[in-house]
Structures are given as structure tokens and as C-alpha cells.
Amino acid sequence: MNNLSFKDLLPLVSKPSRYLGTEVNSIHKDLDKVDVRIALAFPDVYEVGMSHQGLHILYHILNSIPEVAAERVYAPWLDMEKLLRERSLPLSSLESNLNLREFDILGFSIQYDLSHTNMLNMMELAGIPIWASERDESFPLIIAGGPCLFNPEPVADFLDAALIGDGEEAFPEIVEVYRNWKLRGCEGGKLGLLRALTDIKGMYVPSFFDVSYNDDGTMKEIRPKYDDYRKVEKRIVADLNTVPYPDRPLVPFMAIVHDRVTLEVTRGCTRGCRFCQAGMIYRPARERTPSMLQEIAEKALRSTGYEDLTLLSLSTGDYSFISDLLANLMDRYSDEKIAISLPSMRVDTMSPELISEIKRVRKTGFTMAPEAGSERLRDVINKGITEAGLLNSVRQVFEAGWETMKLYFMIGLPTETDEDLMAIAELSGKALKIARKAGGKNVTASVASFVPKPHTPFQWEEQIGHNETKRRHDLLRRELKKNRVTFKWHEPAMSELEGVFARGDRRLSKVIARAFELGCRFDGWGEVFRFDLWQKAFEDCGLDPLFYLRKRGMEETLPWDHIDSGISKKYLKLESKRSYDAVFTPDCRYDECSGCGLCDFKTIKNRIGVRGQGSGVRKFHRPQLKPKPTLAVRRIRLTYSKLNDARFLGHLELSSLFARAVRRAGVPVRYSAGFHPAPKITFSPPISLGMESLEEFADIEIEGYLASNEARDRLNLQLPEGIRIETAIDVPISSPAVTSAVTKSDYEIKWSVVSGQWPVVLRDFMARGSFLFKKERTGREYDIRPLIERLDTVDNKILMTIKSGKEGGIKPGELMQTLFGLGDEETRLLRVVKTRTYL
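All of these numbers come straight from a predicted model, not from anything done at the bench. (Residues numbered from 1 in each chain as written. Predicted model: local features only at pLDDT ≥ 70, side-chain atom pairs only at ≥ 80, totals over all residues. Heavy atoms only, no water.)

A. A look at the sheet that holds strand β13 (residues 308–312). Here we have three strands laid out as an open sheet, ordered β10-β13-β14, and parallel in their pairing. Of all strands in the sheet, those bounded by a partner on one side alone are β10 (261–264) and β14 (339–341). Each strand axis lies, on average, 20° off the axis of its neighbour in the sheet, ignoring direction. Each of β10 and β13 touches helix α8 (residues 290–304); the most contacted strand, β10, lies at about 165° to it. In the packing of helix α9 (residues 322–333) onto the sheet, contacts are made with β13 and β14, and the angle to β13 comes to roughly 170°. (Pairing = 2+ DSSP bridges. Helix = DSSP H or I, 4+ residues; strand = E, 2+ residues; numbered from the N terminus. Axes fitted to C-alpha atoms, helices over the stretch in contact; angles between N-to-C directions. Contact = heavy atoms within 4.5 Å.)

B. Quick look at unusual backbone geometry. The peptide bond linking Arg283 to Pro284 adopts the cis configuration, its omega dihedral lying at 0°. Locating Pro284 in the fold gives a position in the loop between α7 (277–281) and β12 (286–287). Despite not being glycine, Phe601 has its phi angle at roughly 65°, a positive value. Examined against the element boundaries, Phe601 turns out to sit in the loop between α18 (569–580) and β20 (633–642). Taking relative accessible area as the criterion, Phe601 reaches 55% and is therefore assigned exposed. Even without glycine at this site, Asp795 takes up a positive phi of about 50°. (Buried < 20%, exposed > 50% of the residue type's maximum accessible area, 1.4 Å probe, protein only.)

C. Molecular detail of the packing of aromatic side chains. The final tally for this structure, using the stated rule, is 21 aromatic pairs. Put simply, the rings of Tyr204, Phe208, Phe209, Tyr226 and Tyr229 pair up and form one aromatic cluster. The lysine or arginine in question, Arg72, covers the ring of Tyr59, its NZ or CZ lying 5.4 Å from the ring centre. Between the NZ or CZ atom of Arg477 and the centre of the ring of Trp489, over which it lies, the distance is 4.7 Å. (Phe/Tyr/Trp six-rings, centres within 6.5 Å; stacked < 30°, edge-to-face > 60°. Lys NZ or Arg CZ within 6 Å of the ring centre and 35° of its normal.)

D. The arrangement of the pattern of salt bridges in detail. Tallying each qualifying case throughout the model produces 81 salt bridges. The shortest N-O distance in the salt bridge between Arg223 and Asp210 comes to 3.9 Å. Here the residue Arg223 occupies a position in strand β8 (residues 219–224), and Asp210 occupies one in strand β7 (residues 209–213), the gap between them amounting to 13 residues. Between Lys430 and Glu387 there is a salt bridge whose closest N-O contact spans 2.7 Å. (Salt bridge = Lys/Arg side-chain N within 4 Å of Asp/Glu carboxyl O.)

E. Layout of the environment of Gly504. Structurally, the position occupied by Gly504 is in the loop between α15 (492–502) and α16 (508–518). For Gly504, a relative accessible area of 0% corresponds to the buried category. Those residues in contact with Gly504, other than ones at most four positions away along the chain, are Asn151, Glu153, Pro154, Tyr548 and Pro559.

F. Spotlight on the pairing of β8. Here five bridges tie β7 to β8, and the two strands are oriented antiparallel to one another. When the sheet's bridge partners are listed, Ser212 is paired in β8 with Glu221. Connecting β7 to the antiparallel partner β8 that follows it, the hairpin turn spans five residues, and Gly217 within it adopts a positive phi of roughly 95°.

G. Main features of the environment of Asp746. Mapped onto the elements of the fold, Asp746 is located in strand β24 (residues 744–750). You can call Asp746 buried: its relative accessible area is 15%. Separated by 80 residues in the primary sequence, Asp746 and Glu826 place their C-alpha atoms 21 Å from one another. Setting aside residues no more than four positions away along its own chain, Asp746 makes contact with Met800, Thr801, Val833, Lys834, Thr835, Arg836 and Tyr838.

H. Representation of the nonpolar core. Among the nonpolar cores identified, the biggest contains 143 residues, and Phe108, Met123, Trp534, Phe658 and Leu715 are the most heavily contacted of them. Considering each element in turn, this core owes the most residues, seven residues, to helix α5 (residues 170–183). The contact partners of Met123, leaving out residues within four places of it in the chain, are Leu106, Phe108, Ile128, Pro129, Ile130, Arg135, Ile142 and Phe158. Core analysis: the second largest hydrophobic core is formed by 64 residues, Leu263, Ile338, Met345 and Val447 among them. (Core = buried A, V, L, I, M, F, W, Y, C linked by side-chain atoms within 4.5 Å.)

I. Examining the sheet that holds strand β3 (residues 105–109) more closely. Pairing is mixed in the open sheet, where six strands are placed in the order β2-β1-β3-β4-β5-β6. Edge positions in the open sheet fall to β2 (68–74) and β6 (203–204), since each of these has one partner strand only. Sheet topology note: the strand β1 (residues 36–42)/β2 ladder contains seven bridges and is parallel. The residue of β2 that forms the bridge with Ile38 is Ala70. Those strands touched by helix α4 (residues 116–125) are β1, β2, β3 and β4 (141–145), and its axis lies near 160° from that of β3. The strands that α5 touches are β1, β2, β3, β4, β5 (161–163) and β6; relative to β1, the one it contacts most, it runs at about 140°.

J. Fine view of the packing of α4 against α16. One way to put it is that α4 packs onto α16 with a least axis distance of 9 Å and a crossing angle of 65°. When the axis of α4 is compared with that of α16, the two are roughly perpendicular. For the pair α4 and α16, the sense of crossing is right-handed. Here His116, Thr117, Leu120, Asn121 and Glu124 of α4 lie close against α16, whose contacting residues are Ile512, Ala513 and Phe516. A breakdown of the residues in the contact of α4 with α16 according to their chemical character gives four nonpolar, three polar and one charged. (Parallel < 35°, antiparallel > 145°, perpendicular 65-115°, else oblique. Left-handed = near helix turned anticlockwise from the far one by under 90°. Nonpolar A, V, L, I, M, F, W, Y, C, P; charged D, E, K, R; others polar.)

K. Inspection of the side chain of Glu575 at higher detail. Looking at the element boundaries, Glu575 is found in helix α18. Assessed through its relative accessible area of 2%, Glu575 is described here as buried. Beyond its immediate chain neighbours, meaning those up to four positions away, Glu575 contacts Arg274, Pro457 and Thr585.

Encoded structure:
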């Protein structure tokens, strides 16, 4: 068992579909026929990383270059890491199962300050030294991007280079520089490559800067080593309509955090909230045209089979043509049972026209972000929302049919007092009263800690520590309970650590490395987070985390001063002063320029439409037809096989897979009634995860006429490798559901260690009149002997027939474990094939 490969470990992990790499629209190139091999790495689990749109964009762009192959890798969960280390197996890419060590470029997307230890873990698992100084040109080039890199210093000693800003145009330039260097025989070694990369705008090479510190621990100087490379300017895609966007996005097998087609309608926000780093670093505001969005939506929905589409931006309601676009998309796709969602809605963008369209979407939960409870504090942070306006929007939302609402707040904002905290409870209570009056059910106040971020007007402010955060949580909890408002909060220790790294310096690299050595992983996951280990890491490295939470002097050298986000420090200082005076700064989208210093008003500028002028939205004209005649409803029974990697798909994953394949295939499936219509597809009882089957059944109800064999052929073109429909026949609509029609099943177990004693054990079992079995999960005990119709060996195969039990059943693996005393790992590694299913 020590000779197992990476894929052989899948039966031993909790969610094997994380590691398959054969999703719909995944791209598999011949790595021997490309010049540059790139591993796009996300330092969190698959379901989080697959939800990040930036990775999809780069995967799409890079794989469109013939000389380049881009593959993916995500942080392995704890169970997979344990197995890899026990068996000395390397972390590999999903698409080709190639060791990360063998790639040319390993590019990390760092979206969260608490994912740094995962990055180190992924490098170490691949046999790559974590320190940049210990890697020469024989190792992959380690680069990173994402919002956390606007202060790259805490991870600077781990990286060869970092990309600051947008990647659509810059990453292909990085690849071209690397390709030319490689074709020239790696001329100049690693240093030559890094020097060449500095010619690309947005590229930061940490080793080309030296840092020094004052006696009090503050930063003294950031000194460049080369006169022609003194600072790094953010890379900006001037016009989003000129760069590609994925219209064949990856479709995961498992449920992920954002499991839908995502359309980025706008990048950048000019609202000017003083706490918001994204609103500063993603400027200017750049909109995609409605026609481009409509075209992408059509292609992406057809190529994925998704039933949900979301319009994404920092403030979706600010998109110039949101009402027209939303109305068109809903008209176009409502009959296809495709839901449209709009996250990130500001209260003051909810016009009557938009409300009338929002009424048509699925009404699960609605989210608003007042950020602060009192109007005074909202003025401090430049939120620009009055209590009257907010409560009016709450009323509109609940009157439109929503039942629940979540209100997002921050605590610890500059100048916050306990009175401001009380205002959170008061405002939430008022919202709940409005909800109840309109038929709503619940309001939740969700509270996060304010973390001062670089390149914002609050970058100099103090962050409260976790003890003070807990005190404020306790106060809020008491007050919200009085108003019967649900309270949710973010772990204070996590917020404290996030604040340390957000404004940290290069000395923190050794703290991260020490925490990693102590066992820290997945620090953003509450069930794994170990604050005590982080405290020990700081102690071992002689650093005080509270030093990084302190208020900074306006003239103090900041660790990120050599990173130019385009927002001038003069503007940030002015906005800081205006916050203490509670002076509102208008949005330059609708008002005059606020003087942030970013735009040149030629190439770099806000690129937005003008409301009231032609939107360019292609109208969808629904034909005026007579009422549809009632179509005949038919049931088609599919017989399909589930082999090889498909055996690692669970029942819910299989259901989702078939539902999306039906959409892509254009099979006229019938939908259930109700607010969440689902395709009427039912399956024979689920088999164990990891088991193969030659004969499974699924019933699909369709409307109208489509030959059953044509339905089979269409679906087979859309199903992934390992799932194949063998037969499709019409069955009476009144026939028994396939879910309860299975009477028994035949199984075959191939096992190389079958010994001469095994037939004796099997014959002894079959000779018994009864055999009590205790179900481990439930503790229930019952007789399984009547369920076993056949049990013998043929040519080193164990063959068995198991009847379906009304009071309780047994799985082949459970039977083997019981009879032969197998351990859990041995049982899960058994290769079991269901060879026949009896209906």
C-alpha cells in the first residue's frame, strides 16, 4: 500500500471529487508539446478556489496561447496532506497529475491574509524550498498576485516575483518573457529572468529591494538595488471589453461556494468608502458593455448547463444599465428556469425600476451592508447612507417577498463608541419590526472586525485587539437579544492576525514559516485555526503582534510605500482628515473628480455608460403565441455505467451532473412546481462512494416528443468520462419509481490477497442460519444472513449477491470488513464493482 499513486489515495479522503481534474470544460494539453507549463495555485480548498473568478479568467486566457499549458492546483485538505506525507508523494496538478516541481511557473492567487501557511505547505509538499533565496533556476518561478499583494512584504521572502494589479494583459507578458528566457538557454540564470520581468509594468521582485528598521521597530528605509527600478506601479486593464472573459467556465462536480455562471459587469468602485481596500486598489470603474455581457451569458449558460447566473461587481446596482440588462436576462431565461442573482447591492442604488425586476428573482435571503449603526459613524467612513433611506429599502425588500435579511456591520471603526454599537442593535431591531409587519421572518446582524488596510485613508489607524473585540461582541449580543435579532460574528483572534499581516513588514516571513513548522494550516477555517500556535510563533521569533495593530504616524515609512496603487498619499491623508470631520466625499462616477490621483483621463479613466442614454442592451422579444398546448409527459429510463474516476462522485454530485448535462443537451426535461423548480430526474439507490457500477438506473420525465435513443445520444456527448448511458427506453409514467424498484445487486471484488482460507470463511458464512451485524453509524443490530444470496470466489474474485433489505441493508465493503477483520483503510481501498442491478 506504500506504492500508491496520488489518484490511488482518493478512496481514503473525505471529498475525492476535489482532486479529479476532469470537470466539464477543463483543458488537457499535451505537456510535451508546449513551451511553458504553468500551475495556477489557490492556497485554499477546491470549493473556495473554484469560486474565485480571477482563476477562471487566467485559466481561459493562458490556455488560449498555443505554446502554453495552464493547469490548476488547490490546497489539499488535512486528510489528503496526511496521506501525501505518509507515502512521500508530491502534490500534483489536477489536469495531468504532474508534480508541481516540474512546472515552469507556479502562480499563487492570494485573496486572504490567512492563507499564507497553505502556500508554504503546497510548496513543501511539491519538494520546492519555501525561501526564494534557496531556489535557483532549476525550480519553478514562484509568483503571486491578488489583493493581499498590495502589501507583499509579509510573504516577500517566499516569492520570486509578484504581480500588482490586473492580470489579463500582464500574465501573458510574463509568460512570453519566461519563454524567451527559456529558449535562450536560461541566459543569465535566475537573476537574468528576474531582471527581464521588471520591464513588465506591475511586476515586483522583492529581492531587488533592501529594507532596514529603526531601533523602535518601525521601518527606516526601503532601498532599491537598481536605479531604474525604484517602485512598482499597479497594472491596470484600461478597457475590460478588450480582454477575454471565459465563456466556457469550468463546471465542478462537487458543490462549491459560488456554484453558478458569474458575469463581472464592472471592475472598480468609486464610492470612496474609507475603510474599503477593494474600492481603492481596483479603481478606476470600468464597465463591460451590455452586448458583451449578453453574449458571454448565452455562451456560458449553454456550455455549462448552470441554472444560476450572477451579476458581479463591488456595487452591482451602480452598473449604468443594470435595470435594462436585468430585465432582458430575466425575459430571456425565465422560461428555462434560470435564476439571476445580484450580490453587492447598495441601499441607495435600489431604484423602483430595479426593485420591480428584483421581485422576479428567487427570494431566499437578501443582504445589505450599512457597515455602521449610527449615521455619524457612516459619515466618518463615507458610506453615504441615511437611516431613513436604509429602512425604506428594508421595507421595499420585505414587501417584495423576501423572508430573511442579513445586515453587515463592522466594529472597531475609527472614533467608534459604545453608543455606536448600541445603534447597531437599534437599527437591526427596527429592520426586524419592518420585516415582521411585511410578513418577513428574520433579520441577522453579522459583525466583522475593522481591519485597517494599505492604500486606504484608514491605513494609519489603530486596530482593536481580540480582547476588546470580545467585549464589544458581548455588548452587542446582549442588546441584539433584547430585540430578537440573530447575531453572527467573526472570530476575534482571526481578525487580529489578519490585521497583523495586512500592514506587516518583511520580518513576518519568519513568523509565517515558524507557524507553518508548528502545524498551522487553513488559518481562515474556525475548526482548524490554532491561535495558540501563532502566539508561540511570534514568541519564538521575538516579535509582538500588537506592534502591527498600533496607530501609525502620518510621516512614518510604511512597508508598502514602494508599491504604487495609483492613489496618492496626499489624497489618502486628506480623506483621513475628512473622516474625523465627518465630511462626505462624493462619488466621482456621478460628481466631479475627487482628486485621488489615479486617472490620466486619456487611457486610465472611469469607463462607464450614461443612464438614460442608449444602453446597447439587445432586447429579447418574447413572441406573442397562443397558449401552449399541453404536451405529453413521458418517462425515459436510462441504464448507465459509472466507472474509473466517476466512482468518486457522490449521489448529490451525480444528480447535479445529470441535471446540467440535460440542460447542455437540450433534453426537454419536466420541472417540479414551486419556487425552486428542479428537473424531474430520479435515480436508483445510491452506491457507496468509490464503488464502480456497470448498471445503474435513472428516470427522466420529459415533455413532448424526443426519441429515447436520441436523448441517450445527446446526453452521452455531455456526460464526463466514466459515465455512459447504455440504454434508454420509454416506461409507463405510472410505473414504480426507480428509487424503490431495486430488489438485489451483484458485486465483484478484485483483490490480490485472496488466500486459500477465504473460501472456507465464505462457505462458513453461507452455511449459517443467521448472522448479526451492528451498523456502526446507528448502533442498530440486525440479521444480515437472509440478505446474502451468493458469496463465493472465482479466479481471485469474490462474487456476491446482496438483496435490498427493508429493515436494514449491508454494503459489500461492510461485509468484507466484518468477515475478514479488515481495517478501515483496507476496506476503503477495495475495488468493488456492481455488475448487475435487478429491478
